[in-house]
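# Examination of the molecular architecture
The primary structure of each chain is shown beneath.
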Amino acid sequence: MIPQLVTVRVRRSNGRRLRLYVPVLLVLLVLSPLLLLAVLAGLVACFITRVSPVGALRGTGQLLWALPGTRFEIEQGRTAVLVCVR
């Protein structure tokens, strides 16, 4: 299943917390022109490095299917960011 919602929790240096809900489909629609350029650049990179584009696409698909349920946290100093993919 492709992730539909990403939750980002930020703990600021002053101790306040901020929670953001990011809908993946809306972000993909807004950034679709850049996504098209990234796909074309990936195809060019596959041909230059002699990697199978189908294999690269399959690996990308497997990565997307594995994302739901993933959580990771980044801390630097007194600021922390927790990202949850649903």
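Fair warning: this is a prediction, and the values are worked out from it, not measured in the lab.

## Observations concerning the pattern of salt bridges
This structure, assessed with the given rule, holds 1 salt bridge. Linking Glu-75 and Arg-11 is a salt bridge whose minimum nitrogen-to-oxygen distance equals 4.0 Å. Highlighted residues: Glu-75 in strand β3 (residues 71–76) and Arg-11 in strand β1 (residues 5–11), separated in sequence by 64 residues. Arg-11 sits in the partly exposed class, given a relative accessible area of 28%.

## Structural notes on helix α3 (residues 53–66)
For α3, which comprises 14 residues, the first-to-last C-alpha distance of 20 Å matches the rise-based estimate of 20 Å (1.5 Å per residue) to within 8%. Counted residue by residue, α3 has 0 buried out of 14 residues, so it is predominantly exposed.

## Observations regarding the nonpolar core
Core analysis: the largest hydrophobic core is formed by 6 residues, namely Val-6, Val-8, Val-10, Val-24, Val-83 and Val-85. A per-element tally of this core places β1 first, with 3 residues. When neighbours within four sequence positions are excluded, Val-10 is seen to be in contact with Arg-16, Arg-17, Leu-18, Thr-79, Ala-80 and Val-81.

## Examining the side chain of Thr-7
Position of Thr-7 relative to the elements: it lies in strand β1. On the accessibility criterion, Thr-7 (2% relative accessible area) is buried. Sequence-distant contacts of Thr-7, that is, excluding residues within four places in its chain, are made with Arg-19, Leu-20, Tyr-21, Leu-82, Val-83, Cys-84 and Arg-86.

## Topic: the environment of Pro-23
Here Pro-23 shows up in strand β2 (residues 17–23). Owing to a relative accessible area of 36%, Pro-23 belongs among the partly exposed residues under this scheme. Between the C-alpha atom of Pro-23 and that of Val-6, which follows or precedes it by 17 residues, the distance is 6.4 Å. The residues contacting Pro-23, other than those within four sequence positions of it, are Gln-4 and Leu-5.

Rules used in this analysis
- Residues numbered from 1 in each chain as written.
- Predicted model: local features only at pLDDT ≥ 70, side-chain atom pairs only at ≥ 80, totals over all residues.
- Heavy atoms only, no water.
- Salt bridge = Lys/Arg side-chain N within 4 Å of Asp/Glu carboxyl O.
- Helix = DSSP H or I, 4+ residues; strand = E, 2+ residues; numbered from the N terminus.
- Buried < 20%, exposed > 50% of the residue type's maximum accessible area, 1.4 Å probe, protein only.
- Expected span 1.5 Å × (residues − 1).
- Core = buried A, V, L, I, M, F, W, Y, C linked by side-chain atoms within 4.5 Å.
- Contact = heavy atoms within 4.5 Å.

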